[in-house]
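Observations on the three-dimensional arrangement
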Amino acid sequence: MTFHEKDVDVLISEEAVQARVKELGAAITRDYQGKELTLICVLKGSAFFTIDLARAIDLPLTLEFLGVSSYHGGTETTGEVRITTDVSKPMAGKHLLIIEDIIDTGLTMSFLLENLQARHPASLKLCSLLEKPARARAKVNIDYKGFVIEDKFVVGYGLDYGEKYRNLPFVGVWKNP
Ligand code: XMP
Ligand code: MG
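Now for a description of the structure that goes with this document. Along each chain, residue indices are assigned from 1 in the same order as the chain's sequence is written. The naming scheme follows written order: chains are lettered A onward, ligands numbered 1 onward. Note on the predicted model: pLDDT of at least 70 is required for a residue's local features to be given, and 80 or more for side-chain atom pairs to be given and counted; whole-chain, interface and lining totals, by contrast, use all residues. Heavy atoms from the whole structure form the basis of all side-chain values; hydrogens and water molecules are not counted.

Lining the immediate environment of ligand 1, one finds 17 residues, of which Thr105, Gly106, Thr108, Val154 and Asp160 sit closest. For this analysis, a polar contact is any N or O atom pair within 3.5 Å, provided that within protein one partner can donate a hydrogen and the other can accept it, and provided that sequence-adjacent residues contribute only side-chain to side-chain pairs. At 2.9 Å from an oxygen atom of ligand 1 is found a main-chain nitrogen or oxygen belonging to Asp104. Contact distances for ligand 1 include 2.5 Å between an oxygen atom and a side-chain N or O atom of Thr108. Protein contact buries 93% of the 500 Å² of open area that ligand 1 shows by itself. We define proximity as follows: a residue is near a molecule or strand when any one of its heavy atoms falls within 4 Å of that partner. To be clear on the numbers: accessible area is Shrake-Rupley with a 1.4 Å probe, and residue cover counts the displayed protein chains and nothing else.

Structural data, given as structure tokens:
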């Protein structure tokens, strides 16, 4: 018995996640031929996804990390978004691809898209591992999407509950005890 088995059911297996990451990497490789790509990893949730995806992209690229806080206790977003760690360089003139773990209400990402657009990048697109359309409150266009999921609280592959379970290699449903 591993540490998570009584709390988490597998929703998307490690194999399915890795296969989809490879497909997304191939699509991004095709679309950004001849361009200098900057991946913006949204901490902490998309860290594992970003690293695997970066290795599935056959292009020279730059990695940036950005932290937002939008999430205060429990499993509900408040809509209040703040940048806690900013990228390390000016983003003007760059081809930016934001890498996110999940688009739930969309409030965090609509804030972030607006904030980065204001820095005048050459282009700005979004890649999200997961989308939970049931709870959408802000319209966010996901250019590269891993999986659409039902309205369940998920953990693993970067996603946490109380900072735990990020290191699971699959996406699972957290069983509220
Ligand atoms: P919004 O609602 O602004 O959500 O689109 C963005 C952030 O909320 C977190 N989130 C989750 N985290 N399991 C998690 O571990 C979930 O099911 C979940 N739904 C939302 C996540 O940090 C996301 O970036
Ligand atoms: Mg997140």
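Moving on from the model shown.
Time to look at the side chain of Glu64. Here a strand is any run of E in DSSP of at least two residues, a helix any run of H or I of at least four, and the numbering for each starts at the N terminus. Along the polypeptide, Glu64 turns up in strand β3 (residues 61-71). Throughout, exposure labels follow a simple rule: accessible area from a 1.4 Å probe, protein chains only, divided by the maximum for the residue type, with under 20% read as buried, over 50% as exposed, and the rest as partly exposed. His is not counted, nor are the chain ends, whereas Lys and Arg count as positive and Asp and Glu as negative. Each reported salt bridge corresponds to a side-chain nitrogen of Lys or Arg within 4 Å of a carboxyl oxygen of Asp or Glu. Within the buried set, Glu64 has no salt-bridge partner at all; the shortest N-O distance to an opposite charge, 4.4 Å, is to Lys89. Separated by 2.8 Å, the side chain of Glu64 and the backbone nitrogen of Ser88 make a polar contact. Those residues in contact with Glu64, other than ones at most four positions away along the chain, are Thr38, Leu39, Ile40, Cys41, Val87, Ser88, Lys89 and Met91. Residue contacts are counted whenever heavy atoms from the two residues lie within 4.5 Å of one another.

Another point: the pairing of strand β9 (residues 171-174). Relative to β9, strand β1 (residues 8-12) runs antiparallel, the two being bridged by four bridges. Along β9, the bridge assignment pairs Val10 with Gly172. Direction of pairing for strand β8 (residues 154-155) relative to β9: antiparallel, over a ladder of two bridges. Paired with Val155 across the two strands is Gly172, which belongs to β9. Two strands pair if DSSP finds at least two bridges between them.

Right, let's talk about helix α1 (residues 14-31) for a bit. By this rule the span expected of a helix is its residue count minus one, scaled by 1.5 Å. In this model, α1 (18 residues) spans 26 Å end to end at C-alpha, consistent with the 26 Å of a helix rising 1.5 Å per residue. Of the residues making up α1, those classed as buried are Val17, Val21, Leu24, Gly25, Ala27, Ile28 and Thr29.

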